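Listed below are the residues making up each chain.
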Amino acid sequence: MSEILCQWLNQEVKLSRTVSPKTFAKTFCSGYLIGEVLHKFELQDDFSQFSESRISSAKLNNFSRLEPTLHLLGVQFDQNVAQSIITEKPGAATKLLYQLYIALQKKKKSGLTEVEMQAIQPLTNVKLQNMKSEAFRDQRLGRRRQNEIMAKIQAAIIQIPKPASNRTLKALEAQKMMKKKKEAEDVANEIKKFEALIKKDLQAKESVSKTSLDTAGQTTTDLLNTYSDDDYIKKIQKRLEEDAFAREQREKRRRRLLMDQLIAHEAQEEAYREEQLINRLMRQSQQERRIAVQLMHVRHEKEVLWQNRIFREKQYEERRLKDFQDALDREAALAKQAKIDFEEQAFREKEVHEKIAVERAQARYKKHYSICAEILDHILDLSTKVADYRMLTNNLIPYKMMHDWKELFFHGKPIYEQASIKHLSAKPSAEQLIELEKRDLLDNNDYEEYKNVVGEWALPEEMVDNLPPSNNSILGHVLHRLLEKSLPPPIEPPVSELPPFAIKGCLLGKTFSGKTTILKSLQKDLSIQILSIDTLVQEAIRAFHDDEKVSEDLPIHQEAEESALPVLQDNKKEENQVLKNVLPAGQVSAEALPETEGTDTNKTPKIEEVESNEGFSNLTVRAQLGAKSEKLLKKGKSIPDMLLVSIMVNAIHQVPVDQGWILDGFPMTLNQAKLLEEALTGYNKDQVELEAKRTQISTLAVDPTTSKEIPTPPSAFDFVMLLDISDASALNRINDIMAEAISQEIPHEAISQRVAAENQNMDENQTLRDQIQHRIIGFLDNWPLLEQWLSESENVLIKVNAEVDKESLSQKIKEIFMAEIMKKKNKGSPKGKSQGGKVAAKKSPAGSADTSPAPILPPAPRPGSEERVYVNEPIPEEIPSFLIPYWKLIESSYINTIKRVLRHLREDQHFVLSYLYEVRTSFQQFLRRPDHKQDFVAQWQADFNSLPEDLWDDEETKAELHQRVNDLRDRLWDICDARKEEAEQERVDIINENWLQDSLGITMNHFFSLMQAELNRFQDTKQLLQDYYRGMECKIPTDNNKGFTRVPLVQLDSKDISENQLRIPLVSRISISLDTVMSKPKTKAILKGKIDYSLENIELNFEADEKLVVDTWQQASLAISHMVAAEIHQRLMEEENQPADPKEKSPQTGVNKKVKKEPKKKMTDKNTKGKSPPLAELSPVMVTAEEMAEMEKKKELGLKIKEEHLAALQFEEIATQFRLELIKTKALTFLEDRVTKVVDVYKLMEKWLGERYLNEMASVEKLTEVARYHIETSTKIQNELYLSQEDFFINGNIKVYPDPPPPTRPPPVEKEENGTLTIEQLDNLRNQFLDMAPKGLIGNKAFTDILLDLVTLNLGTNILPSNWMHLTLPDLQELTSLLIINSEFVDWRKFLLVTSGPWPMPLEEELLETLQRFKDVDEEQLGTVTLEQYMQAGLWFTGDEDIKIPENPLEPLPFNRQEHLLEFFFRLFADYGKDPPQLDYLQMLLYFACHPDSVEGVYRALSVATGTHVFQQAETPSLIVEKTSSSTNMCPIEESPELEENVREDREIKEEREEKEEEIPEYVNTEKISMETLLRVFRGGNEAQDLNRFASYFKIENIYSENFIKIFQDLGAKNLEPIEVAILLKHPFIQDLISNYPDYKIPDIKIILQRNEHVQGSDGERSPSRLTEEKK
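Here the structure is a predicted model, which is why all the values come from computation and not from measurement.

Asker: What is the right way to read the overall build of the protein chain from this model?
Answerer: Helices and strands together make up the secondary structure of the protein chain, namely 53 helices and 17 strands. Considering the protein chain as a whole, with its 1672 residues, one finds that 39% of them fall into the buried category. Here the contacts in the protein chain between residues at least 6 apart in sequence split such that 78% fall between residues at least 24 apart.

Written as structure tokens, this is what we have:
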């Protein structure tokens, strides 16, 4: 409710402030906005006096002004309601505004004007004034109550009719008026009197008070005059003043009391007067009083009833409003929930669709993956097979093998053998079936190559010109005629000729692609018929329920519909079968079943009863189809495709001829499309192909006249249009439809009607939504096949993108439709003319057959040509029944024999290759057999090395050793000769195995089998032609007692077999011996080069085999020629014998006349149909009775039969002779190729043998040379001599005796270079200084003396470098001044650290990392480490240098200075007074913190002491560092170029430091530092010194400590607790100390050393120091 009010207030009323349901009570608690609402409706004129403030007075003002207006509108408003609104009680403001809303709406309806509302508007100002006078509020209220009571009583009295009096009404009224006037005058006079009395009293009182004050003043003055004491007088005056003030106050109280009494008296008088007035007015009779009381009671009761009714109506209104609001809320909640449910369902459907799409994609991927995997396996098999055969054939794979492998690969067959098929069981396995398929595939390919003379059977060059015709037309005609006689005449199916409709098409697509919508819009614009299968099925079922019968006056319509009746009978047979086509069944059943369920079962007859009734045949075709459909649907089955097509065809026949039709979503599957095509055009491609296969029985001979293809009729559709849409778009469209149905706004008063009206649509949409997934899947499954069929067979498919808006899609479809109509109109006109011409041409022969004379024909063409008209005389019925199976047997036997022989040849080729490879590999292995030559060589080497050393140079010993070498060589040569003889014998044994002879014999038998197959085919074909033509001549077939001619085969073994046991003759082969080979000097050799007598036998045997092949071919060719000649001779003999006995054959001719009459009639009937041969027309129709004419005719027919018979026989002879010659040629080529391959292998074996023998002999010679060299040089052979097979080498991995031990390398020695102190010199100085000053500090005078003594007195001890020996006393004093600390002391450790260079100067980060490593090693945190821990932690540099090892073993290794420096630093800084020695690593790192810049050195020392990086303060003044070397190489002697580089590096360091200072973070140096750490940095922690004379140093340290204590106290560290470094660095003393502290500066001593150099040039070319390199 609050939302409705907010909408009304914000949108219609448009308040100055936006109202929301959440802040409703708070917004209206002041009453200002309620007044604004009334002001908007022109009901509150004093709105300007309203206040927006939230104080209580403002709220009281606002609601007091609102009360009259609300009462005027009839809104219930009192003090309680106002209190509830002011206190923001929930619902109070809402209720008041709702009542105000109702009242204002009523005011709108009633149409009250502004003037009328103002007339009834109360005077609010009077009310406000009355409320302001609080003193008289009670009196006024009582007076108002009395006036109301009097008004009610007066009104009651006036309404009661009084009895008529004698006086008139005017007199009574005048009397009453007089009374009222008198009373009013009396009251007014009394009031005046009362007021006059009050005035007199007040005047008297005032005069009395004035006189009393005057007398009092006079008395006081008199008293003042009499008394002279001022104090006393002042007291009296004060008392008098107080008494006067008290009197004045008492007078005021008295006057106030009198006023109150006067007011009370006046009130009592007023009440008394009112009571008297009431008593006077109520002086009536008792009856009038009773009547008045009764009337008052009745009026009161009516008032109560009226109030109750108003209250009840308000309750009813509130309840209705509450119910309405609840209904709205409930409806909104239900709509929201329905929307949420719909969105969830749509999301689930999308997920299901995506899942299905993913599954389909995965299935497709798996399918493609399996296909690709299979293809990849086949590729790998092919590759490995090729690789295997490359190895077998030395990279020369035969073309035939590669072609066979490619065929297997292209047909998806495995190349390798899966299983053996030599011994097949009754149920072969899957692998065996695959092998059978492979074999059949290769056999068919080989047969096709043999039949078509291509590939391996391509014609050689000498036979290209003699190519015969490929087909025997006469034989093909004979076979075709025999087949026609044996088969029953085919029943031509009835052709369904459709009338020429204007346009024929169909619109296909997925569900919700827009088919029906587009077709409806198209139907409005164009006159076309839309046929939907769902609608047609429903109409058919409705026609059955309506008992639609055939009208008697429409027989033509009955005939038009009879084409669909056979479907009903066919469907009865298909009831028990599994029905296909799930998708259309789903569509039909989803829409057709609701109607059948909704019908009355009592009125609808059962289908079985209807079919059994006689009236079922009187139903229309549509009603019968509907009955069949309903029967299937009631059983829960789907409607089969045949029945759906019948319903559609029946509907198409109902369409007018001049009107086009379009099918809506049909056909949906390939089966439906084929059935519909057959039903509309009468053409079935599959049946036509099956019929052609059935009539074509021969592949060897074809009749050219019957091999023409049947032209295909035009398509049943002019166009097929596909509305292409994605699956997601289809789902989105159904979801949009459902969402639109859910989100429609429903008014409150039409909820039930609307819901009831849309339940059916929602159910239909829900059904479609449930089926959308199945329909999409069904479409995706069926469409690819249908698309392929429409694109290839029909070529009428048009694809249209349907993912556009409705108008553009409609326009596009319309344009395509109009284009198709224009295309058909353009094609229609010439078609009509041609059809008319064809009809006239068909009718002309039938009418003119009797009248037109026979034309004069040209001379007959040669038999066998295409123009030849064959003899078609009748033959006995038993002839085809015998000859057709006989020909099938001939053909199958011929084909199977050819395939089997070619298969054997193919398999033999594989066997030959593998055999030759095995021969080569076995012979190579035989050549590599062990020879045991190494044993002799090893024994000789051992004997050679065992000779004493003193005999090596003896000449006799050398001669003896040479003789031993010769003996070893001879023995090794004998072994080589023996191995050669064994290899030659092995080769001869392989050649003499007679494998080649057997292989050639088997191959020749295969080719002889091919010749036998051709010979058998010719003999069987000759016999078939003979039987056929003798049967046509009505002669008895002759028996061939001679038997078939057999081609002899080669006998492979030498067994004696009797001739009675042989079915096939055998020919023994002539084997050529070696003696005969030696005796024949000249041979036709395949061999080239020198003659090999072992291969000469092969050559001679090959010549014998060639001769045998040629003889066999000649024998077969002569046999064919003899058979043809015998047949011709037999024909001539029959012709010669025929005229000799004319009387004997005359009865036969008389008998045959009757037989020949009927066939001639049939032939004439056939010829009249068209395409009749011209010879048939020449035959006379009327038979004459003359014997001689008939005999001439028979003679002429016999000549024709003879001519045709002999032509066919001669054609077969030519073809067979050609095949035999081709077989002979291929056999000779094959045998020659086989022999060549084998001979090449034998030659290769001989080549390997000779090369190996020569290599073995050469290796022996090499061994001999090596042995002789060692004999002459008198040296032992340490490495093993290895001689095996044909290889000789010296094995360096194996030594016969051990090597002598190498000499020991001297230890490395450090050399003095560039004035650098060696490690030994540093250790000597360290020991000397340690003895004098163990703590590290020594006086400057003592330090100078020590150096002077070392320079002057110890010249031969090498304690200092040679450059230092030239230093004078001033130089040493200058050097000491650079090392002085606090002007008195020198730190000798720092001196040794500086002079120990070069070493890499560490960066600050490296110092901190080194410190952290020492802390990690120092587990007990003692601050010291041992030597082991020191070496484990390491410094920032390591001792691992790239040291080049000298080749000379006597030369020492280079000295690793850095490694020794690491150890020296430990000795320098460690405390050797402890066991083991301990190193204070923090103190050592403080020494290493020194820097050429003293300030930078102090900050580095602070960083090391605190363990973190300490940033320099920007305001800290830094000392100007001298432009000297800041090099990390602390080399004491350097040249000027290095100085310049160091100065440049110094500048770079400064620039980097400045950049770091600029990049200092905001919060840095937050780490804390203690007093002890600070004293340690500034040398304040070492209290114990070496000598007592260092007292001044103690004072300096004490000064630092006192200053540091003071600094800590100044910075707030009272107990000297650690403070932050940043705070410490800001102190001026610390800043000054850092800038002036010199201990952390590295002195530059190289200037002094360079000044005193005497030897120039020795330092001229010097590389940069190692420190600089490390730093770079």
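Asker: Before we go on, may I ask you to explain a negative patch on the surface in this structure?
Answerer: A grouping of Asp 953, Asp 954, Glu 955, Glu 956 and Glu 1272 is seen on the molecular surface, where their side chains present a negatively charged patch. With respect to the helices, strands and loops of the structure, Glu 956 is situated in helix α31 (residues 955–991).

Asker: Would you explain the nonpolar core in this entry?
Answerer: In a soluble, globular protein the nonpolar side chains are often hidden away together inside. Grouped together as the largest cluster of nonpolar side chains are 87 residues, with contacts concentrated most on Tyr 1430, Phe 1465 and Phe 1604. Non-local contacts of Tyr 1430, meaning those with residues more than four positions away in its chain, are made with Phe 1414, Val 1425, Leu 1435, Leu 1462, Phe 1465, Phe 1466, Leu 1479 and Met 1484. The next biggest cluster of nonpolar side chains, apart from the first, holds 85 residues, and it includes Leu 479, Phe 1018, Leu 1049 and Ala 1227.

Asker: Just checking my understanding: could you explain the sheet that holds strand β3 (residues 660–664) for this structure?
Answerer: Strand pairing in a sheet relies on backbone hydrogen bonds. The paired strands run either parallel or antiparallel. With parallel pairing, 5 strands are arranged side by side in an open sheet as β2-β3-β1-β4-β5. The two strands at the open ends of the sheet, each matched to only one other strand, are β2 (528–532) and β5 (797–801). Between one strand axis and the next, the sheet turns through 20 degrees on average, direction left out of account. Relative to β5, strand β4 (residues 719–724) runs parallel, the two sharing 5 bridges. When the sheet's bridge partners are listed, Asp 724 is paired in β5 with Asn 801. The sheet strands contacting helix α17 (residues 533–545) are β2 and β3, and the helix crosses β2 at an angle near 75 degrees.

Asker: Whenever I open this one, helix α24 (residues 670–681) confuses me. Can you help?
Answerer: Side chains three or four residues apart in an α-helix point the same way, a direct result of the helix having 3.6 residues per turn. In this model, α24 (12 residues) spans 16 Å end to end at C-alpha, consistent with the 16 Å of a helix rising 1.5 Å per residue. Turning to α24, its buried residues number three or more, namely Gln 672, Ala 673, Leu 675, Leu 676, Glu 677, Leu 680 and Thr 681. Backbone geometry just after α24 places Gly 682 at a positive phi near 75 degrees.

Asker: What is the right way to look at the environment of Pro 460 in this model?
Answerer: Take Pro 460: it is sitting in the loop between α14 (430–452) and α15 (473–486). By relative accessible area, Pro 460 is classed as buried at 17%. In the structure, Pro 460 is positioned 762 residues away from Leu 1222 in sequence and 8.4 Å away in space, judged by C-alpha atoms. When residues no more than four places from it in sequence are discounted, the contact partners of Pro 460 are Leu 1222 and Thr 1225.

Asker: I tried to follow the environment of Gln 1217 on my own but got confused; where do I start?
Answerer: By secondary structure assignment, the location of Gln 1217 is in helix α37 (residues 1187–1273). Looking at Gln 1217, the relative accessible area reads 17%, which means it is buried. Each C-alpha atom of the pair Gln 1217 and Ala 1116 lies 8.7 Å from the other, and the pair is 101 residues apart in sequence.

Asker: What am I meant to see in the sheet that holds strand β13 (residues 1424–1425) here?
Answerer: Spatial strand order, β13-β15-β14: 3 strands in an open sheet with antiparallel pairing. At either margin of the open sheet sits one strand with a lone partner, and together these are β13 and β14 (1470–1471). For β14 and strand β15 (residues 1478–1480), the ladder comprises 2 bridges, and the chain directions are antiparallel. Looking at the pairing, Asp 1471 lines up with Gln 1478 of β15. Packing of helix α45 (residues 1481–1488) onto the sheet brings it into contact with β13 and β15, and relative to β15 it is tilted by some 50 degrees.

Asker: Before we go on, may I ask you to explain the packing of aromatic side chains in this structure?
Answerer: Two descriptors summarise a pair of aromatic rings, namely the distance from one centre to the other and the angle between the planes of the rings. By the definition in use, this model includes 41 aromatic pairs. Ring geometry for Tyr 32 and Phe 47: centres 5.1 Å apart, planes at 40 degrees, overall tilted. Placement of Tyr 32 in helix α3 (residues 32–40) and of Phe 47 in the loop between α3 and α4 (56–72) is noted, with a sequence separation of 15 residues between them. With respect to burial, Tyr 32 and Phe 47 carry one shared label: buried. Taken together, a centroid distance of 5.9 Å and an interplanar angle of 5 degrees make the contact between Phe 882 and Tyr 886 stacked.

Asker: Before we go on, may I ask you to explain the pairing of strand β9 (residues 1287–1295) in this structure?
Answerer: In the case of a regular strand, side chains alternate between the two sheet surfaces. Inspection of the sheet shows strand β8 (residues 1279–1284) paired to β9 by 6 bridges, in the antiparallel sense. Within β9, the position partnered with Glu 1280 by the bridge is Asn 1291. In this antiparallel pair of consecutive strands, β8 and β9, the connection spans 2 residues, and Gln 1285 shows a positive phi of 55 degrees.

Asker: Would you mind showing me how to read the packing of helix α23 (residues 641–654) against α24 here?
Answerer: A pair of packed helices is captured by two measures, namely the crossing angle of their axes and the spacing between those axes. Two elements in contact, α23 and α24, have axes separated by 10 Å at closest approach and are oriented at 40 degrees. Between α23 and α24, the interaxial angle falls into the category oblique. Crossing of α23 against α24: the hand is right-handed. Mapping the contact onto sequence places Asp 641, Met 642, Leu 644, Val 645, Met 648, Val 649 and Ile 652 in α23 and Asn 671, Gln 672, Leu 675, Leu 676, Ala 679 and Leu 680 in α24.

Asker: Can you walk me through α17 in this structure?
Answerer: With 13 residues, α17 ought to run about 18 Å at 1.5 Å a step, and its terminal C-alpha atoms sit 18 Å apart, in line with that. The complete set of buried residues in α17 reads Ile 533, Asp 534, Leu 536, Val 537, Gln 538, Ala 540, Ile 541, Ala 543 and Phe 544. Once α17 ends, the next one or two residues include Asp 547, with phi positive near 55 degrees.

Asker: Just to check I follow, could you spell out the side chain of His 962 for this structure?
Answerer: Within the secondary structure, His 962 sits in helix α31. Of the residues examined, His 962 reaches a relative accessible area of 17% and is grouped as buried. Sequence-distant contacts of His 962, that is, excluding residues within four places in its chain, are made with Arg 1268, Ile 1271 and Glu 1272.

Asker: Explain the packing of helix α38 (residues 1319–1332) against helix α44 (residues 1457–1469) here, please?
Answerer: Two numbers describe how α38 lies on α44: the axes approach to 10 Å, and their chain directions differ by 5 degrees. By the angle between their directions, the pair α38 and α44 is classed as roughly parallel. Between α38 and α44, the residues in contact are Ile 1319, Leu 1322, Asp 1323 and Arg 1326 and Arg 1457, His 1460, Leu 1461, Phe 1464, Arg 1467 and Leu 1468, respectively. Classifying every residue of the contact of α38 with α44 by side-chain character gives 5 nonpolar, 1 polar and 4 charged.

Asker: Looking at this model, I keep getting lost on the pairing of strand β1 (residues 504–509). Mind explaining?
Answerer: Most of β1 sits inside the fold, with 6 of its 6 residues counted as buried. Of the two faces of β1, the one carrying Lys 504, Cys 506 and Leu 508 and the one carrying Gly 505, Leu 507 and Gly 509 are both buried. Note that β1 and β3 share 4 bridges and pair parallel. Paired with Gly 505 across the two strands is Ile 662, which belongs to β3. Across 5 bridges, the pairing between β1 and β4 is parallel. Looking at the pairing, Leu 508 lines up with Leu 722 of β4.

Asker: Just checking my understanding: could you explain a positive patch on the surface for this structure?
Answerer: Taken together, the side chains of Arg 247, Arg 250, Arg 253 and Arg 256 present a region of like positive charge at the surface. Inspection of the secondary structure assignment puts Arg 250 in helix α11 (residues 230–281).

Definitions and limits used
Residues numbered from 1 in each chain as written. Predicted model: local features only at pLDDT ≥ 70, side-chain atom pairs only at ≥ 80, totals over all residues. Heavy atoms only, no water. Helix = DSSP H or I, 4+ residues; strand = E, 2+ residues; numbered from the N terminus. Buried < 20%, exposed > 50% of the residue type's maximum accessible area, 1.4 Å probe, protein only. Contact = heavy atoms within 4.5 Å. Patch = residues over 30% accessible without salt bridge, like charges linked within 9 Å, V, L, I, M, F, W, Y side chains within 5 Å. Areas by Shrake-Rupley, 256 points an atom, 1.4 Å probe, with all protein chains shown as cover. Salt bridge = Lys/Arg side-chain N within 4 Å of Asp/Glu carboxyl O. Lys, Arg positive; Asp, Glu negative; His and termini not counted. Charge placed at Lys NZ, Arg CZ, Asp CG, Glu CD. Core = buried A, V, L, I, M, F, W, Y, C linked by side-chain atoms within 4.5 Å. Pairing = 2+ DSSP bridges. Axes fitted to C-alpha atoms, helices over the stretch in contact; angles between N-to-C directions. Expected span 1.5 Å × (residues − 1). Phe/Tyr/Trp six-rings, centres within 6.5 Å; stacked < 30°, edge-to-face > 60°. Parallel < 35°, antiparallel > 145°, perpendicular 65-115°, else oblique. Left-handed = near helix turned anticlockwise from the far one by under 90°. Nonpolar A, V, L, I, M, F, W, Y, C, P; charged D, E, K, R; others polar.

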